[in-house]
Number of protein chains: 2
Amino acid sequence: MSGLAPHRLSLNTATVREQWNLAEAIEGCARHGIGGICPWRDKLHEMGVEAAARAIRDAGLGVSGLCRGGWFTQTGAVDDAVIDDNRRAVDEAATLGADCLVMVVGGLPEGSRDLPTAWALVEDGLAATLEYARKVGVKIAIEPLHPMYAADRACVNTMRQALDICDRLGPGIGCAVDVYHVWWDPELEEQLARAGKERILAFHLCDWLVPTRDQLTDRGMMGDGVIDIPRIRGLVEANGFEGLNEVEIFSALNWWRRDPDEVLATVVERGRTVC
Amino acid sequence: MSGLAPHRLSLNTATVREQWNLAEAIEGCARHGIGGICPWRDKLHEMGVEAAARAIRDAGLGVSGLCRGGWFTQTGAVDDAVIDDNRRAVDEAATLGADCLVMVVGGLPEGSRDLPTAWALVEDGLAATLEYARKVGVKIAIEPLHPMYAADRACVNTMRQALDICDRLGPGIGCAVDVYHVWWDPELEEQLARAGKERILAFHLCDWLVPTRDQLTDRGMMGDGVIDIPRIRGLVEANGFEGLNEVEIFSALNWWRRDPDEVLATVVERGRTVC
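Residues numbered from 1 in each chain as written. Chains lettered and ligands numbered in written order. Predicted model: local features only at pLDDT ≥ 70, side-chain atom pairs only at ≥ 80, totals over all residues. Heavy atoms only, no water.

Caption draft 1: Highlighting the overall build of chain A. What chain A contains, in helices and strands, is 10 helices and nine strands. In summary, chain A has a C-alpha radius of gyration of 17 Å against a globular reference of 19 Å for 275 residues, a match within 12%. Oriented by its inertia axes, the alpha-carbon framework of chain A measures out at about 45 × 40 × 35 Å. A burial count over chain A gives 60% of its 275 residues as buried. Partitioning the contacts of chain A with sequence separation of at least 6, the portion at a separation of at least 24 is 79%. For chain A, the accessible area works out to roughly 9800 Å², and carbon and sulfur atoms hold 46% of it. Here chain A contributes 28 positively and 42 negatively charged side chains, and the mean placements of these two sets differ by 2 Å. (Helix = DSSP H or I, 4+ residues; strand = E, 2+ residues; numbered from the N terminus. Rg over C-alpha atoms; globule rule 2.2 N^0.38 Å. Buried < 20%, exposed > 50% of the residue type's maximum accessible area, 1.4 Å probe, protein only. Contact = heavy atoms within 4.5 Å. Areas by Shrake-Rupley, 256 points an atom, 1.4 Å probe, with all protein chains shown as cover. Lys, Arg positive; Asp, Glu negative; His and termini not counted. Charge placed at Lys NZ, Arg CZ, Asp CG, Glu CD.)

In structure tokens:
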């Protein structure tokens, strides 16, 4: 398989979150020929949703997703505040014309060891958000996070688990597949086939570093770690995915400290050579 | 469910590996009323296998396992050196009368990104070792490690994956279930039922700390983290497990720095109160 041309890439703003605001990231993508963007909501709110939507459109960028909704377990109850916030996220995704709203569902509630209850909260929250998202025409993408985040970020940790939820909730909901979270899974091939084109809503790239010095912020640039990215991209595309290849790298120790134009130039080069 | 009396506990020597040699650990278990021990092989070799077997017997301790065989992917081939070393481990487990030989199967070979090949190496190595272990009468326990160790320690990361291997290899092989590695798994209940009494060969305790500051050596004492240990112990016992509850805590930042008698007293207290 040949590499990815830059117009097939999308920049998740987390990759340069310490260096650029959203306006700068939009300009950076245009300057480097990157085809799309996925804003985080803090950057989006700072710029203003309407202004951001306009600037992204004017720059000719696609919107591979909006990061993020979810966090349904935070208070131990799926209350109005949580649902209202998720509905606002749906509205923002609609305004941006985003391919999906990415859901980081939340881990164990503070002080809890009760995973089954956390799973139930997550499903209730997703169901309530999905009902609204269907009306607005926004797709919901559950992002199964690596199992090392089960306690503190997301208690949905495999494609199988995410798709079981999708099966129960019906149309309009699928998965965001991030190589960092799923690369180890012996069921990945089978579960991507089960997901199919309709439910692979986003595809995220970075790499798994050995050693990993921090569980959240030591992710690698594509090619610097052990993930066989071409294999996973091949599986995703064999199942019909035609969206952008979104680059999301949390890297406090390396890439967040560099010149952001160097980061984007490296993203473009690695897209061509190792993805 | 009431807590665990000390005679139902076993001490994995890793828990006090910075403080005690094997002879001291055996004496420590006897002094604290702990019912068994699981030596690591470096400690065992240092003491001598025969001498250790005698001392453990004299102290009236059970042997919940021997840590560890495996590491089949280290050189990128299941060669004679790897198989010979695993056969020696089987012999040592037999001499000790250990309930099982625990297998940490190995991650990706150096420089490789090829997980399917690593999986195949592991299965070949397990098959070769199992053939010998059956003759000697030693049970082989695959320990699925947390997915965060897939690259550098073990590419078998779920109970489902381990049991799929067991199904293919036949009798004499099962799983070592460590709460640290499996607590997050939404399939845990179903896979423990699938394993059954014959294939739950060991049960390991510690806790998952939030935050986890080091991926290998920041495991918690039972009760200091987020794992619902009574729930998992209940599932293991409901499926017929009657072995010792082995405490294995890698803790460079805390327990390895403490007086080992304080560590064992804490293990005994937490066994009674939170397990």
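Caption draft 2: Spatial organisation of the relation of the copies chain A and chain B. Rotating chain A by 180° about the axis while translating it 0.0 Å along that axis superimposes it on chain B, leaving an RMSD of 0.0 Å. Expressed as an axis order, the relation between the two copies is that of a two-fold axis. A shared interface surface links the copies, since 100% of the contact residues of chain A are contact residues in chain B too. (Least-squares fit on C-alpha atoms with pLDDT ≥ 70 in both.)

Caption draft 3: Inspection of the interface of chain A and chain B at higher detail. Contacts between chain A and chain B engage 31 residues on the former and 31 residues on the latter. Surface buried jointly by chain A and chain B totals about 2600 Å² across both partners, of which 65% is contributed by carbon and sulfur atoms. Looking only at chain A, the three residues that lose the most surface to chain B are Arg113, Trp184 and Gln215 of chain A, adding up to 24% of its buried area. There are two salt bridges connecting chain A and chain B. Measuring nitrogen to oxygen at the nearest pair gives 3.6 Å for the salt bridge that ties Glu187 of chain A to Arg160 of chain B. Our count for the chain A to chain B interface comes out at four residue pairs in polar contact (both at pLDDT 80 or more). Those elements that provide at least two residues to the side of chain A that touches chain B are helix 5 (115–136) and helix 6 (159–169) of chain A. Residue contributions to the side of chain A that touches chain B peak at three residues, all from helix 5 of chain A. A breakdown of the residues in the side of chain A that touches chain B according to their chemical character gives 15 nonpolar, nine polar and seven charged. (Buried area = accessible area lost by both parts, 1.4 Å probe. Salt bridge = Lys/Arg side-chain N within 4 Å of Asp/Glu carboxyl O. Polar contact = N/O pair within 3.5 Å; in protein donor to acceptor, adjacent residues only side chain to side chain. Nonpolar A, V, L, I, M, F, W, Y, C, P; charged D, E, K, R; others polar.)

Caption draft 4: Examining the sheet that holds strand 9 (residues 245–247) of chain B more closely. All names here are of chain B. The sheet built from nine strands is open, its strands ordered 3-2-1-9-8-7-6-5-4 with parallel pairing. Of all the strands in the sheet, the pair left with one neighbour each is strand 3 (62–63) and strand 4 (66–70). In terms of strand pairing, strand 8 (residues 200–205) meets strand 9 through three bridges, oriented parallel. Bridge pairing in strand 9 links His204 to Glu246. Sitting on the sheet, helix 1 (residues 22–32) is in contact with strand 1 (9–12) and strand 2 (36–38), with an inclination near 155° to strand 2. Those strands touched by helix 5 (residues 115–136) are strand 5 (101–104), strand 6 (140–142) and strand 7 (173–178), and its axis lies near 155° from that of strand 6. (Pairing = 2+ DSSP bridges. Axes fitted to C-alpha atoms, helices over the stretch in contact; angles between N-to-C directions.)

Caption draft 5: Geometry of the pairing of strand 8 (residues 200–205) of chain A. Residues and elements named next belong to chain A. For strand 8, the buried fraction is high: six of the six residues fall into the buried class. Pairing analysis gives four bridges linking strand 7 (residues 173–178) to strand 8, with the strands arranged parallel. From the neighbouring strand, Cys175 faces strand 8, where its bridge partner is Ile200. Handedness of the crossover joining strand 8 and strand 9 (residues 245–247) through helix 9 (residues 229–238) is recorded here as right-handed. (Right-handed = clockwise from strand over helix to strand, strands pointing away.)

Caption draft 6: A look at the UniProt feature "domain: Xylose isomerase-like TIM barrel" (unreviewed entry) in chain A. The feature "domain: Xylose isomerase-like TIM barrel" (unreviewed entry), as annotated in UniProt, sits at residues 29–259 of chain A in this numbering. The annotated region residues 29–259 of chain A carries 42% helix and 14% strand content, and the separation between its end C-alpha atoms amounts to 14 Å. (UniProt positions renumbered as here; feature names shortened; annotations may be inferred.)

Caption draft 7: Representation of the pairing of strand 1 (residues 9–12) of chain A. Residue and element names in this part refer to chain A. What you see with strand 1 is no split at all: Leu9 and Leu11 on one side and Ser10 and Asn12 on the other are buried throughout. As paired strands, strand 1 and strand 9 are joined by three bridges and run parallel to one another. By the bridge assignment, Ser10 is partnered in strand 9 with Glu246. The β-α-β motif built from strand 1, the intervening helix 1 (residues 22–32) and the parallel element strand 2 (residues 36–38) has right-handed crossover chirality.

Caption draft 8: How the structure looks around the environment of Pro147 of chain A. Within the fold, Pro147 of chain A resides in the loop between strand 6 (140–142) and helix 6. Between the C-alpha atom of Pro147 of chain A and that of Asn157 of chain A, which follows or precedes it by 10 residues, the distance is 5.1 Å. When near neighbours in sequence (up to four residues on either side) are disregarded, Pro147 of chain A contacts Asn157 and Trp184 of chain A together with His146, Pro147 and Trp184 of chain B.

Caption draft 9: Quick look at the packing of aromatic side chains. The final tally for this structure, using the stated rule, is 11 aromatic pairs over all chains. Ring geometry for Phe250 of chain A and Trp256 of chain A: centres 6.0 Å apart, planes at 45°, overall tilted. The two residues Phe250 of chain A and Trp256 of chain A agree in class, both being buried. Measuring from ring centre to ring centre gives 5.9 Å for Trp40 of chain B and Phe250 of chain B, while their planes differ by 70°; the resulting arrangement is edge-to-face. Residue Trp40 of chain B is found in the loop between strand 2 and helix 2 (41–47), and its partner Phe250 of chain B is found in the loop between strand 9 and helix 10 (260–274); the two are separated by 210 residues along the sequence. Overall, the relative accessible area of 15% leaves Trp40 of chain B in the buried class. Note on Phe250 of chain B: relative accessible area 4%, which makes it buried. Taken together, the ring pairs in this structure connect Trp40, Phe250 and Trp256 of chain A into an aromatic cluster. In this arrangement the basic side chain of Arg219 of chain A is found over the ring face of Phe250 of chain A, its NZ or CZ atom lying 4.4 Å from the centre. (Phe/Tyr/Trp six-rings, centres within 6.5 Å; stacked < 30°, edge-to-face > 60°. Lys NZ or Arg CZ within 6 Å of the ring centre and 35° of its normal.)

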